[in-house]
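Take a look at the letters that make up each chain.
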Amino acid sequence: MTFKLSAELHGHMSDVRGLVAQGGDVLVSVSRDKTGRIWKRAGPNDFIEDSVLLGHTGYVNSVTAIPPTAEYPSGLVATGGGDKTICLWDPTDLAQPTSTLAGHTDNVCALAASNDGRVLVSGSWDKTAKVWIDSVCKYTLGGHQHAVWSVLVMEDGSVLTGSADKIIRRWEGGELKGTFEGHTDCVRALALLPGGRFASAANDGSVRVWSLGSAKCQAELYGHTSFVYTLSVLPDGAIVSGGEDRSVRVWRDNELSQIILLPSTSVWTVAALGNGDIACGTSDGVVRVFSAEKARLAAPDTLATFEQANASFAVSKKTMGDIDTSKLPGPERLEQPGSKDQQVIMVKSGLNVEAYQWDQGKQSWAKVGEVVDAVGQSQKQVFDSKEYDYVFDVDIQEGMPPLKLPFNVTENPYGAAQKFLERNGINLDHLDTVANFIIKNTDGVQLGSGESVSADPFTGGNRYVPGQSAGSAGVPDPFTGGSRYVPEGAAAYEPPSEYVINSQGNAAGIIKKLAEFNETITGDDANRLGDEQMQALQKLDFSSPLVLTEDVYSALLRSAMQWPKDKRFPSLDLLRLITAASPLPVSHSGRGFVESIGEATEFFDLLGDEGRKGLTKQEEVNLMMGARALANAFATPAGADLVWQSRKQVLGALDGSWIKAVNPNLLTALSNLYLNLAIAASKKGDDDEGLNILSAASRFLSCTSNADAQLRLVNVFGVLSHKFQLCKDSARVLGDETIVILGFQGKSDAVKRAAKDVGAFLST
């Protein structure tokens with residue numbers, strides 16, 4: 001019995017923190033996007049989003065299903081979150097919570113219900129658990145020294161609580177009846193097993209099996225190489241676990257049966273379905289369902305995409321355990337079969353270490369990731385005898401020594417922040433502040449998200465990173481400015497009227513990389529830049545009116561079009577900057593600007609190919625540069641006219657491009673091109689042309705969770721609706737619901753502000 005992908009459920013805009021299954025056909029998920037979602041099976045390998053639960057004002061971190069009672073014959077769904085409340089939902093009326101339970105003074109991170117539906121137990125960061133009977137708090141269970149991460153109602157009615165103090169406590173009638181000790185780190189999950197037994201999981205990397213009749217641990221299951229966050233139990237009694245090592249693991253008879261690897265660092269939650277399938281929620285915001293039944297497996301193209309995502313995922317050595325690379329076998333090991341299905345091995349390939357998993361059915365090895373060390377710094381930092389990519393000094397109190405905050409780039413920032421706070425006895429109310437500090441100070445190297453492809457593999461620290469300048473850190477909001485005042489109501493809304501030009505960039509670093517690549521081009525190659533041409537480029541000063549001859553520009557353009565594709569990105573990036581600063585690229589006497597950029601980046605060939613399912617990382621980088629160059633052409637009147645004249649060709653390539661794109665910087669660049677085309681339509685076009693742009697942008701907006709893309713696409717709605725009545729009427733049909741939701745759940749404050757402004761305007 002081997003589990004394989006059955007379905008992927010996309011809809012959440014942030015980490016999926018909790019899951020519960022109702023039978024084999026219904027799942028309920030909750031997320032840091034402040035929503036819950038109900039998914040219903042639409043086919044053997046397909047689920048549809050049936051409902052969105054909007055009731056919490058903070059992250060939603062826990063969920064459970066309450067069985068039917070006489071009062072609620074359809075049962076209830078309970079959700080708990082960072083707003084310190086528990087919402088109860090009636091599946092027959094999900095417009096708003098049936099009731100809200102208040103009492104906790106911190107994040108509600110755990111929920112469990114009794115089989116008769118009368119008892120609900122909640123666990124919180126406030127170090128207590130609460131027992132609710134018929135929605136009334138009957139007992140508050142105190143005594144834990146740290147957050148209560150997990151709760152469970154046993155068959156005999158007793159309650160178990162697991163805490164960051166490493167102890168599991170058993171309660172009856174609100175009184176402590178015993179403890180279970182053995183874990184050496186935070187207890188994160190509890191799960192009911194048959195026969196008065198239960199399982200626990202912890203940050204110590206272990207899963208343990210216990211019996212209520214004895215305080216002694218019956219079995220210790222080791223296999224995870226990092227924190228274990230979640231547990232569930234299959235109908236046949238097998239234990240399912242998930243954790244920070246990007247894996248779901250299945251345990252049968254206390255032995256590891258299967259490892260399911262995910263293209264996401266954190267597996268926050270797992271749930272066993274009634275039909276024996278497994279669902280999991282991860283830090284990439286996706287719910288995935290796995291099945292051992294052939295009839296419920298995903299379509300071949302979906303399986304292939306999932307396998308490719310796994311193969312390209314960067315795995316930290318910190319989540320793989322201790323690795324002595326000198327003792328690893330070479331690629332020849334892959335010529336030998338695995339010892340068992342799903343076996344994972346590491347192979348040294350040149351300077352790289354790659355992870356492979358054995359597929360017994362196919363009798364072949366599948367690459368499931370690349371093992372990485374530090375990418376954020378050229379030298380590791382040491383804290384508590386362990387190496388980290390970063391060790392920050394955090395000043396908590398004046399006159400006191402700073403506290404050390406260690407972080408590895410493949411960690412989840414919120415997990416690292418929580419460990420820091422708990423280790424130093426700091427209130428967990430500061431979780432968001434610390435996590436945002438980590439995110440801000442490690443921007444551009446978040447491998448754990450599986451999204452960044454910007455790391456330059458050829459150079460070390462303080463390097464030129466293609467696309468780095470597009471990061472949002474430190475760059476003012478181009479639509480609103482840093483601190484503008486926005487009055488309430490539709491009358492306040494004024495859409496962007498100026499084209500958004502990306503003129504930020506490390507020109508010296510780009511030219512240095514260009515020179516390095518130029519040295520690899522043979523001396524007799526006509527595409528090699530001469531010494532005088534390189535010197536002219538090195539003298540470029542983007543802080544003043546740009547001085548550049550056609551001869552030098554022609555040589556640069558040849559390098560962008562004729563060099564090997566993996567060597568073109570510095571030339572393309574420099575062209576992007578020049579296009580923003582000079583009319584020369586548009587007025588160049590050679591071939592047309594749009595055609596040149598299209599050929600150099602394969603912009604029209606790759607994006608216009610409807611049969612192509614995905615893009616390589618290098619293709620995405622080059623396409624990103626192409627989209628930025630086309631958008632920057634709007635910096636001059638001649639350039640705006642030129643791209644507008646080519647709008648049908650450009651829009652044809654753009655439509656559906658977001659489906660292929662993974663790189664967040666590429667998504668931002670594509671959305672920026674849409675926005676500039678929308679502004680051009682408001683200046684040069686008519687309502688039919690505006691509607692063509694709006695229709696495509698609405699499809700893009702409904703599919704993306706990228707904050708920068710959301711902001712630009714929301715403003716596409718605003719620009720076109722403000723100019724054309726036809727677009728305003730159409731926007732109410734195409735995207736009004738999406739705009740309203742983004743007003744509350746946008747990926748950034750800027751998105752929320754823009755969506756509220758546009759939504760208010762559309763409602764008039």
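All figures in this text were calculated on a predicted structure; none of them were measured in a lab.

A.B. asks: Quick one: what's the story with the overall build of the chain, residue by residue and with numbers?
C.D. replies: For the chain, the count of helices and strands is 20 helices and 36 strands. Counting across all 764 residues of the chain, residues that qualify as buried make up 56%. By element, 48% of the accessible surface of the chain is carried by carbon and sulfur atoms, the whole surface being about 32,000 Å².

A.B. asks: Explain the sheet that holds strand β19 (residues 197–202) to me, and be specific about the residues and the numbers.
C.D. replies: Spatial ordering of the open sheet is given by β18-β19-β20-β21, a layout of 4 strands whose pairing is antiparallel. Strands with a single pairing partner mark the edges of an open sheet, and in this sheet they are β18 (187–193) and β21 (214–222). Neighbouring strand axes in the sheet, compared pairwise and without regard to direction, differ in orientation by 25° on average.

A.B. asks: I'd like to hear about the environment of G530, residue by residue, with values.
C.D. replies: Examined against the element boundaries, G530 turns out to sit in the loop between α4 (507–518) and α5 (531–538). Judged by its relative accessible area of 27%, G530 falls in the partly exposed class. Residues G530 and A555 lie 25 residues apart in sequence; the distance between their C-alpha atoms is 8.6 Å.

A.B. asks: Tell me about the sheet that holds strand β3 (residues 26–31), residues and numbers included.
C.D. replies: Taken in spatial order, the 4 strands make up an open sheet running β2-β3-β4-β5, and their pairing is antiparallel. On the outer flanks of this sheet lie β2 (16–22) and β5 (46–53), each paired with one strand and no other. Neighbour-to-neighbour, the strand axes of the sheet open up by a mean angle of 25°, direction not taken into account. One ladder, built from 7 bridges, connects strand β4 (residues 36–43) with β5; its direction is antiparallel. When the sheet's bridge partners are listed, G36 is paired in β5 with L53.

A.B. asks: Now, about helix α1 (residues 300–311): what can you tell me, with residues and values included?
C.D. replies: An α-helical turn contains 3.6 residues, so any two residues separated by three or four positions project in the same direction. With 12 residues, α1 should reach 16 Å at 1.5 Å per residue; the first-to-last C-alpha distance of 16 Å fits that figure. All buried positions along α1 are accounted for by L303, F306, N310 and A311. Axial view of α1: buried residues confined to an arc of 140°, hence all on one face. Exposed side of α1, more than 90 degrees from the buried face: T305 and Q308 are the residues found there.

A.B. asks: Describe the pairing of β3, naming the residues involved and giving the relevant values.
C.D. replies: In the case of a regular strand, side chains alternate between the two sheet surfaces. The element β3 is largely enclosed, with a buried count of 6 among its 6 residues. Burial along β3 is two-sided: V26, V28 and V30 facing one way and L27, S29 and S31 facing the other are all buried. Connecting β2 to the next strand, β3, in antiparallel fashion are 3 residues, including G23 with a positive phi near 70°. The pairing of β3 with β4 spans 5 bridges and is antiparallel. Residue pairing in the sheet places V26 in a bridge with K40 of β4.

A.B. asks: Break down the confidence of the model for the chain for me, citing the residues and quoting the values.
C.D. replies: Chain-level pLDDT for the chain is 83 on average; 84% of the residues reach the 70-or-more range. For the stretch residues 373–379, pLDDT sits under 50, and the model shows 16 contacts to residues farther than four places along the chain or on other chains. With pLDDT under 50 throughout, residues 443–463 is counted as low confidence; its partners more than four residues away or in other chains account for 50 contacts.

A.B. asks: Quick rundown of the nonpolar core? Include the residues and the values.
C.D. replies: Within the largest apolar cluster, 95 residues are counted, with the highest numbers of intra-cluster contacts made by L537, F603, Y674, L677 and I693. Take this core: its biggest share by element is 12 residues, from helix α15 (residues 664–684). Core analysis: the second largest hydrophobic core is formed by 18 residues, L234, V267, A298 and L303 among them.

A.B. asks: Explain the pattern of salt bridges to me, using residue names and the numbers behind them.
C.D. replies: A complete count under the given rule lists 26 salt bridges for this structure. Of the charged contacts, one joins D33 and R37 as a salt bridge, the two residues approaching to 3.6 Å between their closest N and O atoms. For the residue pair D33 and R37, the accessibility class agrees, reading buried in each case. The salt bridge partner of K513 is E516, with a shortest N-O separation of 3.4 Å. Of this pair, K513 and E516 both sit in helix α4, 3 residues apart, roughly one helical turn. Residue K513 is classed as buried on the basis of its relative accessible area of 2%. By relative accessible area, which is 37% here, E516 ends up partly exposed.

A.B. asks: Before we move on, could you go through the packing of α5 against helix α6 (residues 550–562) and cite the residues and values that matter?
C.D. replies: Where α5 meets α6, the closest approach of the two axes is 10 Å, and the angle between their N-to-C directions is 100°. With respect to each other, α5 and α6 are oriented roughly perpendicular. Facing Q533, A536 and L537 of α5, the residues of α6 in contact are D551, V552, A555, L556 and R558. Looking at the contact of α5 with α6 residue by residue, the classes come out as 5 nonpolar, 1 polar and 2 charged.

A.B. asks: Any details on the side chain of S241? Residues and values, ideally.
C.D. replies: Relative to the elements of secondary structure, S241 occurs in strand β23 (residues 239–243). In this structure the side chain of S241 is engaged in a polar contact, spanning 2.7 Å, whose partner is the side chain of H224. Within polar-contact distance, the side chain of S241 engages the side chain of W251 at 2.9 Å. Each residue touching S241, except ones within four places of it in the same chain, is listed here: V207, H224, V228, T230, L231, S247, V248, R249, W251 and V270.

A.B. asks: Describe the packing of aromatic side chains, listing the residues and the values that go with them.
C.D. replies: The description of an aromatic ring pair rests on the distance of the ring centres and on the angle between the ring planes. As enumerated under the stated definition, the model contains 14 aromatic pairs in all. Joined through ring pairs, the aromatic side chains of F180, F198 and W210 make up one cluster. We note R188 situated over the ring of W149; from NZ or CZ to the ring centre the distance is 4.0 Å. Lying over the aromatic face of F517, K567 brings its terminal NZ or CZ to 5.4 Å of the ring centre.

A.B. asks: Would you mind going over the environment of T92 in detail, with residue names and values included?
C.D. replies: By secondary structure assignment, the location of T92 is in the loop between β8 (85–89) and β9 (99–102). C-alpha of T92 to C-alpha of L76: the two residues are 16 residues apart in sequence and 9.3 Å apart in space. A distance of 2.9 Å separates a polar atom in the side chain of T92 from a polar atom in the side chain of D90.

A.B. asks: Lay out the side chain of N518 in plain terms, naming residues and giving numbers.
C.D. replies: For N518, the position within the fold is in helix α4. Residues within four places of N518 in sequence aside, it is in contact with R528, L529, M534 and W563.

The rules we used
- Residues numbered from 1 in each chain as written.
- Predicted model: local features only at pLDDT ≥ 70, side-chain atom pairs only at ≥ 80, totals over all residues.
- Heavy atoms only, no water.
- Helix = DSSP H or I, 4+ residues; strand = E, 2+ residues; numbered from the N terminus.
- Buried < 20%, exposed > 50% of the residue type's maximum accessible area, 1.4 Å probe, protein only.
- Areas by Shrake-Rupley, 256 points an atom, 1.4 Å probe, with all protein chains shown as cover.
- Pairing = 2+ DSSP bridges.
- Axes fitted to C-alpha atoms, helices over the stretch in contact; angles between N-to-C directions.
- Expected span 1.5 Å × (residues − 1).
- Arc of directions from axis to C-beta.
- pLDDT = per-residue confidence, 0-100.
- Contact = heavy atoms within 4.5 Å.
- Core = buried A, V, L, I, M, F, W, Y, C linked by side-chain atoms within 4.5 Å.
- Salt bridge = Lys/Arg side-chain N within 4 Å of Asp/Glu carboxyl O.
- Parallel < 35°, antiparallel > 145°, perpendicular 65-115°, else oblique.
- Nonpolar A, V, L, I, M, F, W, Y, C, P; charged D, E, K, R; others polar.
- Polar contact = N/O pair within 3.5 Å; in protein donor to acceptor, adjacent residues only side chain to side chain.
- Phe/Tyr/Trp six-rings, centres within 6.5 Å; stacked < 30°, edge-to-face > 60°.
- Lys NZ or Arg CZ within 6 Å of the ring centre and 35° of its normal.

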